[in-house]
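Now for the letters of each chain:
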Amino acid sequence: MDRLRPHVRLYGFEHIPPPADALSYLVFPDHTAAVVRRFNNGPTVGLGATHALVGQQSDLTPETALGLANWAGWLQTDPLIPATLPDAVVPPTQEAIRRVQPRLDALTRTPPITIVGCPEEDKIPLLWCLRPRSFTTHHHTRAAGADVVFLPEG
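A few points on the structure. (Residues numbered from 1 in each chain as written. Predicted model: local features only at pLDDT ≥ 70, side-chain atom pairs only at ≥ 80, totals over all residues. Heavy atoms only, no water.)

Here's the deal with the pattern of salt bridges
Inspection of every chain in the model, using the stated rule, returns six salt bridges. Put simply, Asp2 and Arg5 hold a salt bridge, and the shortest N to O gap is 2.9 Å. Across the pair, exposure class does not vary: Asp2 and Arg5 are exposed alike. For Glu120, the salt bridge is made with Lys123, and the minimal N-O distance between the two is 2.8 Å. Here Lys123 and Glu120 lie together in helix 3 (residues 120-130), a separation of three residues that amounts to about one turn. By relative accessible area, which is 42% here, Glu120 ends up partly exposed. (Salt bridge = Lys/Arg side-chain N within 4 Å of Asp/Glu carboxyl O. Buried < 20%, exposed > 50% of the residue type's maximum accessible area, 1.4 Å probe, protein only. Helix = DSSP H or I, 4+ residues; strand = E, 2+ residues; numbered from the N terminus.)

Structure follows, in structure tokens:
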């Protein structure tokens, strides 16, 4: 799928290496969506494993994508073997929501939103609260094509 090609590599940002993994939810004009999970586990930076789930936006929602953030199926060694998706989406804990509330209060709510230097453990709770139409938890430029983009501090 050519439209996913720009979203499969996990690049660093200037002198900062990429995180261990990143999650993206992308929407396309034909009403399809993709959840892309990238891992920094390859022989060189940007060449790690990438897995994607592609489907209709009505079935593959931002909430579904966020619920798949910690899904063990991403780590399956053979991506051609169908994996079992979780039955339900589990939201972040109330403690996690309280922890991100000060950062959430400081954000503008008009997309695109760029969040710089956010701790990894706060990204999913923030996205859960923001409810964006599309997002990526790591990108190397502000021009990621998503409503919410997380950039490393650097």
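A few points about the sheet that holds strand 4 (residues 113-116)
In a beta sheet, neighbouring strands pair by backbone hydrogen bonds and run either parallel or antiparallel. The six strands are arranged 3-2-1-5-6-4 in an open sheet whose pairing can be described as mixed. Of all the strands in the sheet, the pair left with one neighbour each is strand 3 (50-56) and strand 4. Along the sheet, helix 3 contacts strand 1 (21-27), strand 4, strand 5 (135-136) and strand 6 (148-151); its crossing angle with strand 6, the most-contacted strand, is approximately 165°. (Pairing = 2+ DSSP bridges. Contact = heavy atoms within 4.5 Å. Axes fitted to C-alpha atoms, helices over the stretch in contact; angles between N-to-C directions.)

Description of the pairing of strand 6
In strand 6, alternate side chains face the same way, and those of Val148 and Phe150 on one face and Val149 and Leu151 on the other are all buried. Pairing geometry for strand 4 and strand 6, over four bridges, is parallel. Looking across to strand 6, one finds that Ile115 is bridged to Phe150. Across two bridges, strand 5 lies against strand 6 in parallel orientation. Residue pairing in the sheet places Phe135 in a bridge with Val148 of strand 6.

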